[in-house]
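Descriptive structure summary
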Amino acid sequence: MKKNAITDTAYIHRRHIAPGKGNYPLESPIYHSVKYTFDDLEHMENMFGQDNDEYFIYSRIASPTVRELEVLLAQVMGEEDALCSASGMGSITALTLGLLEKGDSIAIPLHSYGTSRSYAKKVLSKFGIESVFLSWPDLANLAAIKQKNPNLKMLLIESITNPMVRVPDLQQIIGECQKIGIIAAVDATFASLSPAKLASPDLYVVSLTKYACGHGDTLGGAVMGNKKLIAQIRATQLLLGPSLDPYSAQLILRGLETYPLRRARMVDSAQKIALFLEGKPQIKTLWYPGLPSHPECQIAREQLWEPGAMLAMTLKKNNRSQIQAFIKKLKLFKLTASLGSTKSLIAPVEVFYTRDLNAAEKSACDIEPGTMRISVGLEDTDDLIADLKGALEIL
Ligand SMILES: *Cc1c(COP(=O)(O)O)cnc(C)c1O
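Quick summary incoming for the structure in this document. Keep in mind that this is a model prediction, so the values were computed, not measured.

Between helix α10 (residues 259-277) and helix α15 (residues 381-393), the least distance of the axes is 10 Å, while the angle of their chain directions is 30 degrees. As α10 runs across α15, the sense of the crossing is right-handed. Of α15, the residues touching α10 (which contributes R265, S269, K272, I273, F276 and L277) are T381, L384, I385, L388, K389 and L392.

The following block contains the structure:
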């Protein structure tokens, strides 16, 4: 016999506690609820028909915590709206399947994140969406590419490329996309949350996993653009399912509070590290968009707000044991994929990012066994330089 005649129902239907009017939490609560209820049927039906992104039914479609992140991202990228996904690849999936149809094709530079290329080759092809892979010089001839591929509907291009940190002339390229009537989708993961200075693409996509979250502990992605395109992509994502969960959204929101500080410090360190590496006898080529030696230094200066915190370099010693010794000697730069963490990272490019490329394609992208990609973290800059110095000395 229970005291107070309490039934099991009491455990389920508790009283919700929320601070009252005039008593606000300084930090937003995490809305983990998957479902949102309505007072009555009429209220619900009215909500259904509304062009309002801030009512909620089911969190695969939208939820308040994720929405808070979307509104912030749209604002910082200077776009009308944003849609978050469970990862950067989730965003690329939603954006391509949301906007492309069977029979369309998509153009992707060879200088792109390997997983985006593989997704196009292995997944989009299954739905009758063909890919056109572009060499770097092809980017200056998009009208000719469109003429050869009349069904070309979209260009997916990185504003600083992964992994070789090349910088396309977005002003010229986006202008050309508008002329020939194809959607320009710019992956701004390396350039991070800064819009292109001189050009406005139809859409931005970013992996929030990297600089936005910034602590290497959460996956997320976002697409930013005008309301109409984002609504179309959202309508597809809610059918596909790669929605961002509110816990990850909260971690990303927390990470973003320090984003400007982290980013500025990382860029500053990367510039100093690039200056240290420049001209070292052990290095055959160094790529950093902030150095005059970079092939697109001028474009970077004109079109990016800052040159980023990623570097690529090819060591003169190209054999496996020397590369291994170099990486092993590094204590602060950790051997792993990904980027944009508080910790500095190093990745041999050929091993991590070229599985789908043949020898000619690798060579066209200047990728050799000794090519390394470096993500500069938040450690003391002098410590990072000393670490690289020690490792270069053994070569
Ligand atoms: C990491 C990355 C992605 C994919 O993001 P995930 O969050 O890992 O799915 C997409 N584009 C670029 C340029 C990336 O570096």
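Here the focus is the sheet that holds strand β9 (residues 310-315). Paired through their backbone hydrogen bonds, the strands of a sheet run either parallel or antiparallel. Pairing is mixed across the open sheet formed by five strands, whose spatial order is β8-β9-β12-β11-β10. Edge positions in the sheet fall to β8 (283-287) and β10 (334-335), since each has one partner strand and no second. In this sheet, strand β12 (residues 371-375) lies alongside strand β11 (residues 345-348) in antiparallel orientation, the contact comprising four bridges. In the sheet register, P348 faces β12, and the bridge partner there is M372.

For any two aromatic rings, the description comes down to two numbers: the centre-to-centre distance and the angle of the planes. Per the stated rule, a full pass over the model turns up two aromatic pairs. With a centroid separation of 5.7 Å and 50 degrees between ring planes, the pair formed by Y36 and F56 is classed as tilted. Taken as a pair, Y36 in the loop between α1 (9-12) and α2 (41-48) and F56 in the loop between α2 and α3 (64-76) lie far apart in primary sequence, 20 residues in all. The burial state of Y36 is the same as that of F56; both residues are buried. In this structure, R263 packs its charged tip against the face of Y211, placed 4.5 Å from the ring centre.

With that settled, consider the pattern of salt bridges. Note that side chains of opposite charge can pair when their charged atoms are close. Taken as a whole and assessed by the stated rule, the structure comprises 14 salt bridges. The residue E70 makes a salt bridge to R67 at a minimum N-O spacing of 2.8 Å. Here the residue E70 and the residue R67 both occupy positions in helix α3, the gap between them amounting to three residues, near one helical turn. One network of salt bridges, with partners in common, ties together R67, E70, D81 and R234.

Counting residues in hydrophobic clusters, the biggest one holds 91 residues, and the most contacted among them are L69, L73, L277, L311 and F326. In terms of residue count, the dominant contributor to this core is α10 (eight residues). When neighbours within four sequence positions are excluded, L277 is seen to be in contact with I283, L286, L311, M313, L388 and L392. One finds L156, V205, I230 and I233 within the second-largest nonpolar core, a separate group that totals 23 residues.

Before going further, it helps to examine the environment of S344. Take S344: it is sitting in the loop between β10 and β11. Between the C-alpha atom of S344 and that of S207, which follows or precedes it by 137 residues, the distance is 18 Å. Once residues lying within four places of it in the same chain are set aside, the contact partners of S344 are L332, F333, K334, S375, V376, G377, E379 and L384. Among the polar contacts listed, one links the side chain of S344 to the backbone nitrogen of G377, at a separation of 2.7 Å.

Moving on to a negative patch on the surface. A surface patch of negative charge is lined by D39, D40, E42 and E45. Structurally, D39 can be placed in the loop between α1 and α2.

A separate point is the packing of helix α4 (residues 88-99) against helix α8 (residues 227-240). Between α4 and α8, the least distance of the axes is 8 Å, while the angle of their chain directions is 110 degrees. Taken together, the axes of α4 and α8 lie roughly perpendicular to each other. Two secondary-structure elements touch here, α4 through G90, T93, A94, L95, L97, G98 and L99 and α8 through L229, Q232, I233, T236, Q237 and L240. Of the residues assigned to the contact of α4 with α8, the class counts are seven nonpolar, six polar and no charged.

So, about the sheet that holds strand β4 (residues 152-158). Strand order across the open sheet formed by seven strands is β1-β7-β6-β5-β4-β2-β3, with mixed pairing between neighbours. Two strands lie at the open edges of the sheet, namely β1 (81-85) and β3 (130-134), each paired on one side alone. Taken pair by pair, the neighbouring strands of this sheet meet at an average axis angle of 20 degrees, ignoring direction. Where strand β2 (residues 105-109) lies against β4, three bridges are found, and the strand directions are parallel. Bridging from a neighbouring strand, A107 pairs with L155 of β4.

Once that is clear, we can look at the side chain of D387. Residue position: D387 is located in helix α15. Buried and unpaired, D387 has no salt bridge, with K331 as the nearest side chain of opposite charge at 6.6 Å. Residues contacting D387, with those up to four places away along its chain left out, are K329, L330, K331, L332 and F333.

Every one of the 14 residues lining the ligand counts as a neighbour, but G88, D187, S207, T209 and K210 are closest to it. With respect to the ligand, the side chain of N162 contributes an N or O atom lying 2.9 Å from an oxygen atom. With respect to the ligand, the side chain of D187 contributes an N or O atom lying 2.6 Å from a nitrogen atom. For the ligand, the accessible surface in isolation is 380 Å², of which the surrounding protein chains cover 92%. Grouping the constituent residues of the shell around the ligand by class yields four nonpolar, seven polar and three charged.

This brings us to a positive patch on the surface. Together, K328, K329, K331 and K334 line one region of the surface with positive charge. Of note, K331 is situated in the loop between α12 (320-329) and β10. What makes K331 exposed here is its relative accessible area of 55%.

Criteria and cut-off values
Each chain has its residues counted from 1, following the order in which its sequence is written. Confidence filtering applies because this is a predicted model: local features only for residues at pLDDT of at least 70, side-chain atom pairs given and counted only at 80 or more, and all residues used for totals across whole chains, interfaces and linings. The side-chain numbers reported here are obtained from all heavy atoms of the structure, hydrogens and water having been left aside. Lines fitted to C-alpha atoms define the axes, with helix axes restricted to the stretch in contact, and inter-axis angles between N-to-C directions lie between 0 and 180 degrees. Helix numbering and strand numbering both begin at the N terminus, where a helix is a DSSP run of H or I of at least 4 residues and a strand a DSSP run of E of at least 2. Crossing chirality is assigned from the near helix's rotation relative to the far helix, an anticlockwise turn below a right angle marking it left-handed and a clockwise turn marking it right-handed. Should any heavy atoms of two residues lie within 4.5 Å, those residues are counted as being in contact. Strands were regarded as paired on the criterion that DSSP finds at least two bridges between them. Two rings from Phe, Tyr or Trp (for Trp, the six-membered ring) form a pair when their centres sit within 6.5 Å of each other. Planes less than 30 degrees apart are called stacked, planes more than 60 degrees apart edge-to-face, and all others tilted. Classification of residues uses two cut-offs on accessible area relative to the type maximum, computed with a 1.4 Å probe and protein chains only: under 20% is buried, over 50% is exposed, and between them is partly exposed. Distance and angle both matter: a charge sits over a ring if NZ of Lys or CZ of Arg is within 6 Å of the ring centre and within 35 degrees of the ring normal. Any carboxyl oxygen of Asp or Glu that lies within 4 Å of a side-chain nitrogen of Lys or Arg is treated as forming a salt bridge with it. Here, nonpolar core means buried Ala, Val, Leu, Ile, Met, Phe, Trp, Tyr and Cys residues that are tied together by side-chain atoms lying within 4.5 Å of each other. Polar contacts, as counted here, are pairs of nitrogen or oxygen atoms within 3.5 Å of one another; within protein the pair requires one atom able to donate a hydrogen and one able to accept it, and residues that are adjacent in sequence qualify only if both atoms are side-chain atoms. Here a patch means residues that are over 30% exposed by relative accessible area and free of salt bridges, tied together within 9 Å if like-charged and within 5 Å if nonpolar (Val, Leu, Ile, Met, Phe, Trp, Tyr). Working definition of accessibility: Shrake-Rupley area with a 1.4 Å probe, residue cover restricted to the visible protein chains. Positive residues here are Lys and Arg, negative ones are Asp and Glu, while His and the chain termini are left out of the count. Working definition for charges: the position is that of NZ of Lys, CZ of Arg, CG of Asp or CD of Glu. Oblique is the label for any angle not covered by the other classes, which are roughly parallel (under 35 degrees), roughly antiparallel (over 145) and roughly perpendicular (65 to 115). Any residue that is not Ala, Val, Leu, Ile, Met, Phe, Trp, Tyr, Cys, Pro, Asp, Glu, Lys or Arg is counted as polar, Gly included; the first ten are nonpolar and the last four charged. Neighbouring residues are identified by heavy atoms, a residue being near a molecule or strand if any of them is within 4 Å of it.

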